[in-house]
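Close look at the chain arrangement
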Amino acid sequence: MILSVINKKGGVGKTPIAFSLAKDLGYYLQSNDNSVIESIYPEMAKISSTPEIIENCVYDFGGFVTSGVLPILKVSDAVLIPTSTDYNSILRTVETIEEIQTFNSRLFILVTKTEKESDFQTVKDAISAHFENLEFFELRLSKAFKNSIETGLSLSELYDETPLSRCAYKTVYQQYRSLLELFKGE
Ligand SMILES: Nc1ncnc2c1ncn2[C@@H]1O[C@H](COP(=O)(O)OP(=O)(O)OP(=O)(O)O)[C@@H](O)[C@H]1O
Ligand SMILES: [Mg+2]
C-alpha cells in the first residue's frame, strides 16, 4: 500500500497527518519537506529530495516540482489531499486536484482545521463545484496535531494516553479513525 499526502499549499496539515497515519499503519514515512519526522519516527522516516518507491509507505509531498514525486503519485493506492478552510487553500487545492486527477483517480479530500459545523460543508461545496465523485473527510482544528509532532506519538497513541486526552480529543479522534479505517481497508 502506497499512500501519498499532497497539496502545494503549505500549513494544511500534510506532515502531522502523514506522520500519524504512517505510525498507526506501521508504514514507512518519506518526506521531501524539512521536518522533524526523522527524529520522532526513527528507522521508519526519511527526508529526501528524491523519494524512492517503497511498499507500505506514506509520502508527505509539498508539490510536484521535485523529481521523483510524479512516479510515486502515479502508483499510489490512495492520494490524500488535505486542505484548510481559507479561500487561498481551497484555490490551491482545486489546482492540485486538477493536476493529479489526470493520472490518479483515487483521490480523497481532507478538510482540516475546521472550527464550526458549517466549515466542512462550505469547503466541500466549493471544491465539489469543480469535480465529480470526490470523497471528503474532516479533521477539526485541534492541538492534538501539534502535540503529536512534539511527542512523536500518533493521534491514536495520544488519544489512548489518559482519560483526559480521550475526552479532549474525542471528536477529532473519531474523525481521524474513519480515515485510518479507510486506509487499513485499502
Ligand atoms: N485538524 C488539523 N489537521 C492538521 N493540522 C492541524 C489540525 N489542527 C491544527 N493543526 C495544526 O496546523 C498545522 C499544520 O501543519 P503543517 O504546517 O506542518 O502543515 P504542512 O501541510 O505539512 O505544511 P508545509 O507545506 O509547510 O510542510 C500544525 O501546526 C498542526 O498542529
Ligand atoms: Mg509539511
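Rules used in this analysis
- Residues numbered from 1 in each chain as written.
- Chains lettered and ligands numbered in written order.
- Predicted model: local features only at pLDDT ≥ 70, side-chain atom pairs only at ≥ 80, totals over all residues.
- Heavy atoms only, no water.
- Pairing = 2+ DSSP bridges.
- Helix = DSSP H or I, 4+ residues; strand = E, 2+ residues; numbered from the N terminus.
- Near = heavy atom within 4 Å.
- Polar contact = N/O pair within 3.5 Å; in protein donor to acceptor, adjacent residues only side chain to side chain.
- Areas by Shrake-Rupley, 256 points an atom, 1.4 Å probe, with all protein chains shown as cover.
- Nonpolar A, V, L, I, M, F, W, Y, C, P; charged D, E, K, R; others polar.
- Donors = N, O, S within 2.8 Å, 3.2 Å for Na, K, Ca; no water.
- Buried < 20%, exposed > 50% of the residue type's maximum accessible area, 1.4 Å probe, protein only.
- Salt bridge = Lys/Arg side-chain N within 4 Å of Asp/Glu carboxyl O.
- Axes fitted to C-alpha atoms, helices over the stretch in contact; angles between N-to-C directions.
- Core = buried A, V, L, I, M, F, W, Y, C linked by side-chain atoms within 4.5 Å.
- Contact = heavy atoms within 4.5 Å.
- Parallel < 35°, antiparallel > 145°, perpendicular 65-115°, else oblique.
- Left-handed = near helix turned anticlockwise from the far one by under 90°.

A few words now on the pairing of strand β2 (residues 28–31). Pairing of β2 with strand β4 (residues 57–61) involves four bridges; the strand directions are parallel. Each bridged residue has a counterpart across the sheet, and for Tyr28 the counterpart in β4 is Cys57. Of the strand pairs in this sheet, β2 and strand β3 (residues 45–47) are connected by three bridges, and their pairing is parallel. Within β3, the residue paired with Ser31 across the bridge is Ile47.

Moving on to the site of ligand 1. Taken together, 17 residues surround ligand 1, and among them Gly11, Lys14, Thr15, Asp33 and Arg140 come closest. Between ligand 1 and Gly11 there is a distance of 2.9 Å, counted from an oxygen atom to a backbone nitrogen or oxygen. Notes on ligand 1: free accessible area 630 Å², of which the protein chains cover 74%. In terms of residue count, the dominant contributor to the shell around ligand 1 is helix α1 (residues 14–25) (four residues). Tallied by class, residues from the shell around ligand 1 come to six nonpolar, six polar and five charged.

What follows deals with the coordination of the magnesium ion (ligand 2). Ligation of the magnesium ion (ligand 2) by protein atoms is provided by Thr15 (OG1) and Asp33 (OD), these donors lying 2.0 to 2.8 Å from the ion. Placement of Thr15 in helix α1 and of Asp33 in the loop between β2 and α2 (37–40) is noted, with a sequence separation of 18 residues between them. Under the relative-accessibility criterion, Thr15 is labelled buried at 16%.

Next up on the list: the pattern of salt bridges. Going through the model one piece at a time under the given rule, you end up with nine salt bridges. In this structure, a network of salt bridges that share partners links the residues Lys8, Arg92, Glu95 and Glu99.

Bringing the sheet that holds strand β1 (residues 2–6) into the picture now. To summarise the sheet geometry, strands pair through backbone hydrogen bonds and adopt either a parallel or an antiparallel arrangement. The strand order β3-β2-β4-β1-β5-β6-β7 describes an open sheet built from seven strands, whose pairing is parallel. Two strands close off the open sheet at either side, each with one partner strand: β3 and β7 (135–140). This sheet shows a mean twist of 20 degrees between the axes of neighbouring strands, independent of strand direction. Pairing geometry for strand β6 (residues 107–114) and β7, over six bridges, is parallel.

Our next topic: the nonpolar core. In this structure, Leu3, Leu21, Leu29, Val58, Leu80 and Phe183 are the most contacted members of the largest nonpolar core, which totals 34 residues. Apart from the residues lying within four places of it in its own chain, the contact partners of Leu3 are Leu21, Cys57, Val58, Tyr59, Ala78, Leu80 and Phe183. Formed by 23 residues, the second largest nonpolar core is a distinct cluster that contains Ile2, Phe61, Ile109 and Phe120.

We now examine the packing of α1 against helix α9 (residues 170–184). One way to put it is that α1 packs onto α9 with a least axis distance of 11 Å and a crossing angle of 55 degrees. As the angle between them shows, α1 and α9 are arranged oblique. In the packing of α1 onto α9, the handedness of the crossing is right-handed. Contacts from Ser20, Leu21, Asp24 and Leu25 in α1 reach Tyr176, Leu179, Leu180, Phe183 and Lys184 in α9. Taken together, the residues of the contact of α1 with α9 break down into six nonpolar, one polar and two charged.

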